[in-house]
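Residue strings, one per chain:
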Amino acid sequence: MICYDREFPESARVLMLKGAEIILVPNACDMNSIRINQLNTRAFENMVGIAMANYPGKGWGGSCAFSPVVFDEKGSCKDNTLVKANDILEDILIAEFNMERLRIYREQETWGNAYRKPMAYKDLVNLEA
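Residues numbered from 1 in each chain as written. Predicted model: local features only at pLDDT ≥ 70, side-chain atom pairs only at ≥ 80, totals over all residues. Heavy atoms only, no water.

Peer 1: Where do I start with the overall build of the protein chain in this structure?
Peer 2: Looking only at helices and strands, the protein chain features three helices and four strands. Starting at the N terminus, the α and β elements of the protein chain follow one another as α-β-α-β-β-β-α. Computed over the C-alpha atoms, the radius of gyration of the protein chain is 15 Å, within 12% of the 14 Å expected from 2.2 N^0.38 for a compact globule of 129 residues. In terms of its C-alpha atoms, the protein chain occupies a principal-axis envelope of roughly 45 × 45 × 20 Å. Out of the 129 residues belonging to the protein chain, those deemed buried represent 33%. Considering the protein chain, the positive charge centre built from 15 side chains and the negative charge centre built from 18 side chains are found 5 Å apart. (Helix = DSSP H or I, 4+ residues; strand = E, 2+ residues; numbered from the N terminus. Rg over C-alpha atoms; globule rule 2.2 N^0.38 Å. Buried < 20%, exposed > 50% of the residue type's maximum accessible area, 1.4 Å probe, protein only. Lys, Arg positive; Asp, Glu negative; His and termini not counted. Charge placed at Lys NZ, Arg CZ, Asp CG, Glu CD.)

Peer 1: Help me understand the pattern of salt bridges in this model?
Peer 2: Two side chains bearing opposite charge may form a pair once their charged atoms approach each other closely. Overall, the coordinates contain six salt bridges when judged by the stated rule. Between Glu45 and Arg42 there is a salt bridge, with the nearest N and O atoms lying 2.9 Å from each other. Taken together, the residues Glu45 and Arg42, both in helix 2 (residues 33-46) and three residues apart, mark about one turn of the helix. For Arg101, the salt bridge identified is with Glu73, shortest N-O distance 3.2 Å. Of this pair, Arg101 sits in helix 3 (residues 99-108) while Glu73 is found in the loop between strand 3 (64-66) and strand 4 (81-84), placing the two residues 28 residues apart along the sequence. Overall, the relative accessible area of 16% leaves Arg101 in the buried class. A relative accessible area of 66% places Glu73 in the exposed class. The network of salt bridges with shared partners includes Arg6, Glu7, Asp30 and Arg35. (Salt bridge = Lys/Arg side-chain N within 4 Å of Asp/Glu carboxyl O.)

Peer 1: Looking at this structure, I do not really get unusual backbone geometry. What am I missing?
Peer 2: Residues apart from glycine generally show negative phi values, whereas peptide bonds are mostly found in trans. Of note, Met47 is a non-glycine position whose phi angle comes to about 55 degrees, a positive value. Take Met47: it is sitting in the loop between helix 2 and strand 2 (49-54). Classification of Met47 by relative accessible area gives buried; the value is 2%.

Peer 1: Explain the layout of surface pockets to me, please; I cannot follow it from the model alone.
Peer 2: Remark: the empty space left among the atoms is shown by a probe the size of a water molecule rolled over them. When its volume is computed, the largest pocket comes out at roughly 290 Å³. Around the largest pocket, the lining is made up of 13 residues, and of these Glu10, Arg13, Arg116, Tyr121 and Leu124 lie nearest the centre. Of all the secondary structure elements, the ones that give two or more residues to the lining of the largest pocket are helix 1 (9-17) and helix 2. When residues of the lining of the largest pocket are assigned to their parent elements, the largest contribution, five residues, is made by helix 1. Taken together, the residues of the lining of the largest pocket sort by class into seven nonpolar, one polar and five charged. Empty space within the second largest pocket amounts to approximately 250 Å³. As for the second largest pocket, its lining consists of 22 residues, of which Met52, Ala53, Asn54, Ser63 and Leu93 are closest to the centre. Broken down by secondary-structure element, the contributors of at least two residues to the lining of the second largest pocket are strand 1 (22-27), strand 2 and strand 3. Split into classes, the residues belonging to the lining of the second largest pocket amount to 15 nonpolar, five polar and two charged. (1 Å grid on protein atoms, 1.4 Å probe; cavity = no way out; pocket = protein on both sides within 12 Å on 5 of 7 lines; lining within 4 Å. Points joined across faces, edges and corners; volume = space filled by probe spheres on them. Nonpolar A, V, L, I, M, F, W, Y, C, P; charged D, E, K, R; others polar.)

Here it is in structure tokens:
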């Protein structure tokens, strides 16, 4: 998913529906907390891991990775941030996704693809609306 695709929820949803477990996002624009939170939200709502790489610079940077696993085995909310760089950090960062835990989580939780209602979304794809 390229940088501008992250602005729209449909991009990540289509990738998830086609079987993606991890989405990589090369990015080349300024970043702020709102845009970084978009990626965290895409991970959560689609139950996919997301990793974004951006080049460093004041007001740019912000490379990050988020796991879709937002609850532990006991149901307690957990921080799903795997990696989060500041805007000027120039480094190689490694995000490790626990694929076994991700897959188990996807089988047990209800978001992602479990209760979608595609017929209710027809207005979203209506070109005349």
